[in-house]
Amino acid sequence: MNAPIQDELRHVRDLIEAQENQITNPRGGPEFLDIVRARFDRRGFLRGTGGTVTAALLGGGTLAACGGGSDDPVAAAPAPSTRVTALNFTAVAKTRDDTFTVPAGYTASVVYRTGDPIATGVAAYSNVGTDAPATYDRRSGDNHDGVEYFGLTDGGAVPTARGIGNNRGILAMNHEYVTQQFLHASAPTNMSGASPRPANEVDREVALHGVSIVEMWKQSSGAFSATGTWALNVGSSYNRRITAATRIEISGPGRNHPSMVTKFSPTGTATRGTLNNCGTGYSFWGTFLTCEENWAGYFLRPSTDNANRSAREQVALARYTVGGDRYRWGTLAASTATAMAANAAGSAADLYDRWNTSVLAATADLDYRNVHNTFGWVVEIDPYDPTAIPKKRTALGRFAHEAAVALPPVAGQPLAFYMGDDSRGDYIYKFVSSANWDAADAFPANRMAIGDKYLDRGTLYAAKFNNDGTGTWLPLTLTAVRAAQATAGGTPVYTFADEFDVLQNCRLAADAMGATKMDRPEWGAVNVQTREVYFTLTENNSGALNAASGSTGRRVDNLDAANPRFHADARVATDTTTAGTNTGNPFGHIIRFKEAGDSAGATTFTWDVFLFGAQADADPARVNLSGLTSANDFARADGLWFSPTTGLCWVQTDDSGAFLDQSNCMMLAAVAGRVGDGRRLTAQAASTAAVGSTPAGAVLAATQVGATFTETTLKRFLVGPRDQEITGVIETPDGKTMFVNVQHPGEDTPAAAITANAGDFTSYWPAGSRAPGSAAQANGPRPRSATVVITKNDGGLIGS
């Protein structure tokens, strides 16, 4: 394979990480690290009891992913009989083996892999890139991510009560992006050239994006059996795919707005596809919420397009970093008005045209200059009704969405959904519905209509974390934003035209309001027992002490209580990682907050830091602030979920370098306490010498951290295969079956190995395994993303 192809494959992955890692927020306002100086609280860790078991048939790894399942928002707090208050399994050791390892006493099995058929009559997946592209909308997508579970009765019917589905249910699952090198018969064609990519390659990749709706059931010999083993029900009538080409309605304030007009939808009421779906959510009325994350990099937009854009448009396009043509799908798009006019709207050629978001024609209804505006939203899907058209809920704002999790509803009060914007220096948001919750809406005949009621009208807020452990929700309304701009004085960076402009460009609105810039807010989760909201802040890994203002680095004088750490971490070279040093907040942390009065509509809250990622031997005064040991140290929490049955908090990691010299990505279980159950940490000046594994120069801002963890309250539950991310987790209602996703195993495979059956892949999971440093296996299997089902051998609760 030639060097340009190798470089381009690495470039695709780097584009995804760069979009998450870059700071596109130019405002020099308060940052989350500064706030953490003022508040710090933390929680106890999970403990366990036995050895570990390796399920060698499980494995994983490709590109970084985003988030997973959310809590069942109508579930009650776990009863004393099911709530787990101490971890009794033996912690899984850190490992770089190409296996999926769970504790002794647990069994793990793969149930759903990239390419698996979801309809009868579709041939088994070849896994060598020769399958017909036309079949891919009836196969599993790639790079499994966030997931939710929707129960069915044992007879396969939609339930009319909570707690149904311990033996049968629907998985609604995101497929964030694709690992191209394993999808085609040889390396992706023309990745580094100007020539158009082959349509069959693009068609595969488009279909492998999006969402799977698939039924899982306990079965024996292909028939339902409550005492059988879990498997995909290939013939289920619920099974379907929503891809990057599926028609989706525009709903809420953006419907019919001029900025949503495209050649495909001249009235601005629809678009095609959903992209880069990462975290998820679950509505109180039984629908799936999927979140579009790094969508902005999919579109072709050359620099010459700015000449055809207004100054306002240029500001918005830059703030969202629209452009890049990540997979070169845009090379198949028309590049002139004449060529685009020749392709009828909705035609095969027109499907490719929409990847070019340049101004080409005289008016917006003749080209795709606005197509990027139709992405970056929360998308609602009815998993129970294959005929229901998905809807993009534009009232919830447009950004790099990570999850949409909600407080349990209270009759007569509004609903609140919480969302993170996965980009360095961006924000945590809350949407509060205009409609108050009516318990009669919990089991409706028309679920999407109930979504219209609660998700199309409301108020979007951005969070401001104060250094004293309090916080404020800043309303993102036209009146509030204009008032803030007037108070600031001078010429605004961006002038908002109307209320929908505020939602569509809510990053710019939050900039103007003075929201707190955070260290990559990713997944959120709600502890239904305490009604507290948690968010992972995955990392800020591009810092330098006293970096110039406006740089992408974390300035030490901008540390705050909510983002309080600044330190370096050295990484040693392995057979799959290079040596290097990460500087800033490379291990990340988890923040939590509690609404005033436990009210969804509250405008103030209190907060602390729940948990800091760290290496066990890191500086305990500045870095390892949660007291981590070898049983629970980790880096870069991403996925996050609370079990409504056991009350356990599940933490998943997406590490692209900080800790991979010691272990593959993992999942931990934690017993969570409450906001304010910990201690105050005072500021620590830069260290003058190395402390443990932490080099000199580490700094801590004053903050509040939760109760200290122990190995009975925080513990490593599983470690995945090589070059992967653990992402997405959900359970059956009884808490006895868990589904976990492994994303992009083998993603660091060099391009020279990307030929049919070459075998030199960094991972062979799930069909096989490759020991660290071992020679390639001739004709070794290509790795695949997959869903793993985990049960406890004694039939008990997961994590107990």
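Cut-offs applied
Residues numbered from 1 in each chain as written. Predicted model: local features only at pLDDT ≥ 70, side-chain atom pairs only at ≥ 80, totals over all residues. Heavy atoms only, no water. Core = buried A, V, L, I, M, F, W, Y, C linked by side-chain atoms within 4.5 Å. Buried < 20%, exposed > 50% of the residue type's maximum accessible area, 1.4 Å probe, protein only. Helix = DSSP H or I, 4+ residues; strand = E, 2+ residues; numbered from the N terminus. Pairing = 2+ DSSP bridges. Axes fitted to C-alpha atoms, helices over the stretch in contact; angles between N-to-C directions. Phe/Tyr/Trp six-rings, centres within 6.5 Å; stacked < 30°, edge-to-face > 60°. Lys NZ or Arg CZ within 6 Å of the ring centre and 35° of its normal. Arc of directions from axis to C-beta. Contact = heavy atoms within 4.5 Å.

Colleague: Any details on the nonpolar core? Residues and values, ideally.
Modeller: Counting 74 residues, the largest nonpolar core has Leu275, Trp285, Met419, Tyr429 and Leu476 as the members making the most contacts within it. Among the elements that line this core, the one with the most residues is helix α9 (residues 506-513), at 5 residues. Listed in part, the 41 residues of the second largest apolar core include Val740, Val742, Trp765 and Val788.

Colleague: Residue-level account of the sheet that holds strand β41 (residues 786-792), with values.
Modeller: Ordered by their spatial adjacency, 4 strands build an open sheet running β5-β41-β40-β39, and the pairing between neighbours is antiparallel. Across the chains shown, the open sheet's two edge strands, defined by having one partner strand only, are β5 (106-113) and β39 (725-731). Neighbour-to-neighbour, the strand axes of this sheet turn through a mean angle of 25 degrees, independent of strand direction. The pairing of β5 with β41 spans 7 bridges and is classified as antiparallel. Bridging from a neighbouring strand, Ala108 pairs with Ile790 of β41.

Colleague: Give me the packing of aromatic side chains: which residues, what numbers.
Modeller: Scanning all chains against the criterion turns up 42 aromatic pairs. Ring centres of Tyr534 and Phe610 lie 5.0 Å apart, and the angle between their planes is 80 degrees; this geometry places the pair in the edge-to-face category. In this pair, Tyr534 sits in strand β26 (residues 532-537) while Phe610 sits in strand β31 (residues 604-612), placing the two residues 76 residues apart along the sequence. Overall, the relative accessible area of 0% leaves Phe610 in the buried class. Cluster of aromatic residues (ring-pair linked, three or more members): Tyr418, Phe465, Trp473, Phe535, Phe593, Phe605 and Trp607. Here Arg139 stacks its cationic end above the ring of Tyr136, 5.9 Å away from the centre of that ring. Between Lys430 and the ring centre of Tyr461, over which it is positioned, the NZ or CZ distance is 5.7 Å.

Colleague: I'd like a description of helix α3 (residues 311-319), backed by residues and values.
Modeller: Taken together, the buried positions of α3 are occupied by Ala316, Leu317 and Arg319. Taken end-on, α3 shows its buried residues confined to a sector of 165 degrees, consistent with a single buried face. For α3, the elements touching its buried residues are β20 (424-426) and α9. Looking one or two residues beyond α3, the residue adopting positive phi is Thr321, at roughly 50 degrees.

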